Protein chains: 2
Amino acid sequence: MSQPRPKTRIQQKNQDAILEAALEVFSQAGFRGATLDQIADRAGLSKPNLLYYFPSKEAIHVQLIAGLLKVWLDPLRQLDPAGEPVEEILAYIRRKLELSRDFPRESRLFANEILQGAPRIQGPLHDELKPLVDDKAAVIAGWIAAGRLAPLDPHHLIFSIWATTQHYADFDVQVRAVLGPGHDPHTEAEPYLVALFRRALSPDATTHADIPVNSR
Amino acid sequence: MSQPRPKTRIQQKNQDAILEAALEVFSQAGFRGATLDQIADRAGLSKPNLLYYFPSKEAIHVQLIAGLLKVWLDPLRQLDPAGEPVEEILAYIRRKLELSRDFPRESRLFANEILQGAPRIQGPLHDELKPLVDDKAAVIAGWIAAGRLAPLDPHHLIFSIWATTQHYADFDVQVRAVLGPGHDPHTEAEPYLVALFRRALSPDATTHADIPVNSR
DNA sequence: GTGTTTTCTGACCGGATGGTCAAATCTGAT
DNA sequence: ATCAGATTTGACCATCCGGTCAGAAAACAC
């Protein structure tokens with residue numbers, strides 16, 4: 001058992017700088033498109049010096065993704081089974097949209113990885129993402145069964161929320177090209193998405209008991 | 001004015017093979033990630049022979065994207081101002097989802113390009129995409145003003161449709177990882193998306209005239 | 001100040017990659 | 001059959017890129 005040797009200030013500073021630079025470069029160019037020189041430049045280091053802190057390009061990428069996944073899944077974790085269904089989901093949408101606004105590079109890094117077949121994160125996808133989604137989907141299914149939410153497939157509902165919120169980070173240039181100057185996509189998106197999903201999710205006015213189970 | 005010299009069968013065949021191979025490789029690896037050797041191999045040609053038909057890697061990519069955009073925008077063009085609003089939009093969603101199912105590589109190629117800042121298609125985005133979207137957004141706005149559609153920002157509505165439908169092509173691996181085996185994402189997505197947007201888009205039961213313009 | 005450890009750098013390496021070129025081979029029209 | 005033009009190829013090149021290494025420089029402990 002070797003003690004985890006304490007980090008010096010220099011180590012901390014440079015590793016942070018490298019990860020920050022790598023996030024910038026990887027998210028904009030993808031793994032294959034990024035070069036160590038670009039990352040080193042941005043971090044203010046020489047390439048060999050960068051490789052003094054990380055053993056390889058892949059290692060940087062792995063650490064970046066690992067740190068990312070936790071933050072990325074957190075909004076879904078917060079979905080509270082004890083809360084008011086529609087408001088819980090709308091709150092989830094708002095959190096996800098905030099993430100998309102405040103951490104667009106992280107979103108694009110993730111998108112890049114998935115697009116290319118997720119060669120480096122198949123594991124976490126099955127081990128962390130799937131169980132969490134299944135768990136929360138069950139919560140949503142419970143709400144639907146109780147007539148507190150419109151009947152919509154929980155898994156696909158979650159997909160829709162991911163898709164619509166991350167769209168504003170991942171497809172930012174397209175959104176801006178279409179809207180033209182003088183628009184703030186995220187600011188406009190928030191009330192729109194809330195309205196869209198509130199309409200779709202709110203249970204029908206008729207009570208659950210009023211609906212015949214089978215109208216033969 | 002030089003006559004466009006007629007294409008031989010061999011030219012036609014090889015150019016098609018190259019574009020097909022390039023689509024496969026570019027969509028899976030991105031521009032920088034793709035190599036001419038990969039493309040040549042898949043097309044059944046040698047690298048120099050490939051470069052006999054296209055002057056450069058970039059030229060292949062440009063031609064691919066140019067051909068793509070037309071097909072990609074077609075579903076939106078078909079949105080009929082004379083149709084029934086909700087059904088028109090649902091039909092658009094179905095067409096877009098079909099595209100996502102039948103041409104996932106094209107969707108990913110596009111996504112890759114946008115993700116990386118659209119360096120090669122800024123032009124078409126402004127010259128073709130924006131005018132079309134603005135035009136159709138105006139149609140939708142008209143429907144809303146007539147009370148035939150729920151009041152939702154037309155531009156962002158279109159973004160939502162793009163996001164949710166393309167998600168099944170671009171994030172395919174993630175969707176499959178979450179759903180697990182034994183699911184056909186697209187088949188499940190169709191009724192889900194139709195239900196989601198039908199609920200969100202259908203105008204309220206109360207007639208338009210019943211709603212006070214300003215309730216101060 | 002001295003010795004030790006950490007940090008940093010220039011020079012270099014091997015393989016991949018986009019692209020060129022001269023020459024060989026094939027095709028089709030006559 | 002012949003020949004011009006179209007097609008294909010192997011050999012080659014310059015550059016880029018991830019990574020190594022021996023040693024210089026800086027930081028730190030005493």
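Nothing here was measured: the structure is a model prediction, and the numbers come from that model.

## What to know about the domain arrangement of chain A
How big an interface is tends to be expressed through the accessible area that disappears when the partners come together.
All names here are of chain A.
Here is step 1: Per the domain assignment, the segments making up chain A are domain 1 (1-55) and domain 2 (65-201).
Here is step 2: Here the C-alpha centre of domain 2 lies 29 Å away from the C-alpha centre of domain 1.
Here is step 3: On the domain 2 side, the residues contacting the 7 residues of domain 1 number 6 residues.
Here is step 4: Summing the contributions of domain 1 and of domain 2, the shared interface buries around 680 Å²; its carbon and sulfur component is 55%.

## As for the packing of aromatic side chains
Here is step 1: Per the counting criterion, the structure on display carries 8 aromatic pairs over all chains.
Here is step 2: Taken together, a centroid distance of 5.7 Å and an interplanar angle of 50° make the contact between A:Phe159 and A:Trp162 tilted. In this pair, A:Phe159 and A:Trp162 are both assigned in helix H8 (residues 154-170), 3 residues apart and thus about one turn of the helix distant. Take A:Phe159 and A:Trp162: they sit in the same class, and that class is buried.
Here is step 3: Since its relative accessible area comes to 1%, A:Phe159 is described here as buried.
Here is step 4: Taken together, the aromatic side chains of A:Phe159, A:Trp162 and B:Tyr168 make up a single cluster linked through ring pairs.

## Re the pattern of salt bridges
Here is step 1: Scanning the entire structure with this criterion turns up 24 salt bridges over all chains.
Here is step 2: A salt bridge links A:Lys130 to A:Asp134, with the shortest nitrogen-to-oxygen separation between them at 2.7 Å. Highlighted residues: A:Lys130 and A:Asp134, both in helix H7 (residues 122-145), separated by 4 residues, approximately one helical turn.
Here is step 3: The salt bridge involving B:Arg105 is made with B:Glu20; its shortest N-O contact spans 2.8 Å. Here the residue B:Arg105 occupies a position in helix H6 (residues 104-115), and B:Glu20 occupies one in helix H1 (residues 9-33), the gap between them amounting to 85 residues.
Here is step 4: A relative accessible area of 22% places B:Arg105 in the partly exposed class.

## Considering helix H2 (residues 36-43) of chain B
Residues and elements named next belong to chain B.
Here is step 1: Burial in H2 covers these residues: Leu-36, Ile-39, Ala-40 and Ala-43. Each buried residue of H2 sits inside an arc of 100° when the element is viewed along its axis, so together they form one side. Looking at H2, the residues exposed on the side facing more than 90 degrees away from the buried face are Asp-41 and Arg-42.
Here is step 2: Among the residues trailing H2, Gly-44 stands out with phi positive, at a value near 75°.

## Some words on the interface of chain A and chain B
Here is step 1: Listed by partner, the interface residues are 59 residues for chain A and 58 residues for chain B.
Here is step 2: Buried surface at the junction of chain A and chain B, both sides included, amounts to about 4900 Å², of which 66% is carbon and sulfur.
Here is step 3: Counting every contact that joins chain A to chain B gives 2 salt bridges.
Here is step 4: Here A:Asp204 and B:Arg199 are joined by a salt bridge, their closest N and O atoms 3.2 Å apart.
Here is step 5: Remark: the boundary between chain A and chain B carries 16 residue pairs in polar contact (both at pLDDT 80 or more).
Here is step 6: Elements with a contribution of two residues or more to the side of chain A that touches chain B: helix H1 (9-33), helix H6 (104-115), H7, H8, helix H9 (172-179) and helix H10 (185-201) of chain A.
Here is step 7: Element by element, the count of residues in the side of chain A that touches chain B is highest for H8(A), at 12 residues.

So, how was this worked out
- Counting restarts for each chain: residues are numbered from 1 in the order of the written sequence.
- Just so you know, chain letters begin at A and ligand numbers begin at 1, following the order they were written in.
- Local features in this predicted model are restricted to residues of pLDDT 70 or higher, and side-chain atom pairs are both shown and tallied only at a pLDDT of 80 or more, whereas totals for entire chains, interfaces and linings draw on every residue.
- No hydrogens and no water enter the side-chain calculation; it runs on all heavy atoms of the structure.
- Per the annotation, domain bounds derive from an automatic or database assignment of domains.
- Contacts are assigned to residue pairs with any non-hydrogen atoms lying within 4.5 Å of each other.
- Each of two parts loses accessible area, computed with a 1.4 Å probe, when they are put together; buried area is these two losses added.
- The aromatic pairing rule takes the rings of Phe, Tyr and Trp, using the six-membered ring of Trp, and pairs them if the centres are within 6.5 Å, calling planes under 30 degrees apart stacked, those over 60 edge-to-face and the rest tilted.
- Counting from the N terminus, the helices are the DSSP runs of H or I reaching at least four residues and the strands are the DSSP runs of E reaching at least two.
- Only protein chains enter the accessibility calculation, which uses a 1.4 Å probe. A residue is then buried if its area is under 20% of the maximum for its type, exposed if over 50%, and partly exposed in between.
- Salt bridge, as used here, is a side-chain nitrogen of Lys or Arg placed within 4 Å of a carboxyl oxygen of Asp or Glu.
- Arc definition: directions from the helix axis to the C-beta atoms.
- Residues adjacent in sequence count toward polar contacts only when both atoms are side-chain atoms; beyond that, a polar contact is any pair of N or O atoms within 3.5 Å, and within protein one must be able to donate a hydrogen and the other to accept it.

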